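Here's the letter readout for the chains.
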Amino acid sequence: MNAEELLQKLERSGITLKDMLDTAMELYVGDESEKVRRKLERVMLRYLNDINVQALLLSALLLEENFRVEGDPVNLVADELIGINIAEYIGGKMALFNFFYYDTRKPGILAELPPFLDDAIGGFIAGCMTRLF
């Protein structure tokens, strides 16, 4: 699988690369936001080609399709674990702080996604933003 194929699968769930970039930039504080956005896009595309990131994102997609939960129950932690693992895999331990920042604020598309995908995509964004800086 390559990044394009994974993006097609994500798009079927209403998630585009543009959405992920917009969400990441919504919490960005700093100068040269367009330059940062272009660099972030390259980082995201690189990690969308990573087999481990692909496996974790696909697991979140499969869970959304095959495992039904009402809302985001407090006793469900598997979604958080997927997001944490994606974030830390890409950005190391520092990405954990970004993950929780995105997870509590729920900017952009994160507010619209079901539980497994919001944490997986949030972890992906947090990891990529951490890796960038």
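Before reading further, recall that the structure is shown in the block above.
Residues numbered from 1 in each chain as written. Predicted model: local features only at pLDDT ≥ 70, side-chain atom pairs only at ≥ 80, totals over all residues. Heavy atoms only, no water.

Student: A description of the side chain of aspartate 79 should follow, citing residues and the corresponding values.
Tutor: Along the polypeptide, aspartate 79 turns up in helix α5 (residues 78-91). At 7.1 Å, lysine 106 is the nearest oppositely charged side chain to aspartate 79, a buried residue that forms no salt bridge. Setting aside its immediate chain neighbours within four residues, aspartate 79 contacts Asp72, Pro115, Phe116 and Asp119. (Helix = DSSP H or I, 4+ residues; strand = E, 2+ residues; numbered from the N terminus. Buried < 20%, exposed > 50% of the residue type's maximum accessible area, 1.4 Å probe, protein only. Lys, Arg positive; Asp, Glu negative; His and termini not counted. Salt bridge = Lys/Arg side-chain N within 4 Å of Asp/Glu carboxyl O. Contact = heavy atoms within 4.5 Å.)

Student: Can you tell me about the packing of aromatic side chains, naming the residues and giving the values?
Tutor: For the structure on display, the rule yields four aromatic pairs. Judged by centre distance (6.0 Å) and plane angle (75 degrees), the ring pair of phenylalanine 67 and phenylalanine 116 falls under edge-to-face. Residue phenylalanine 67 is found in the loop between α4 (51-66) and α5, and its partner phenylalanine 116 is found in helix α7 (residues 115-132); the two are separated by 49 residues along the sequence. Residue phenylalanine 67 is classed as partly exposed on the basis of its relative accessible area, which comes to 41%. Judged by relative accessible area, phenylalanine 116 falls into the buried class, the value being 1%. Their ring planes at 80 degrees and their centres at 6.3 Å tell us that tyrosine 101 and tyrosine 102 sit as a pair that is edge-to-face. (Phe/Tyr/Trp six-rings, centres within 6.5 Å; stacked < 30°, edge-to-face > 60°.)

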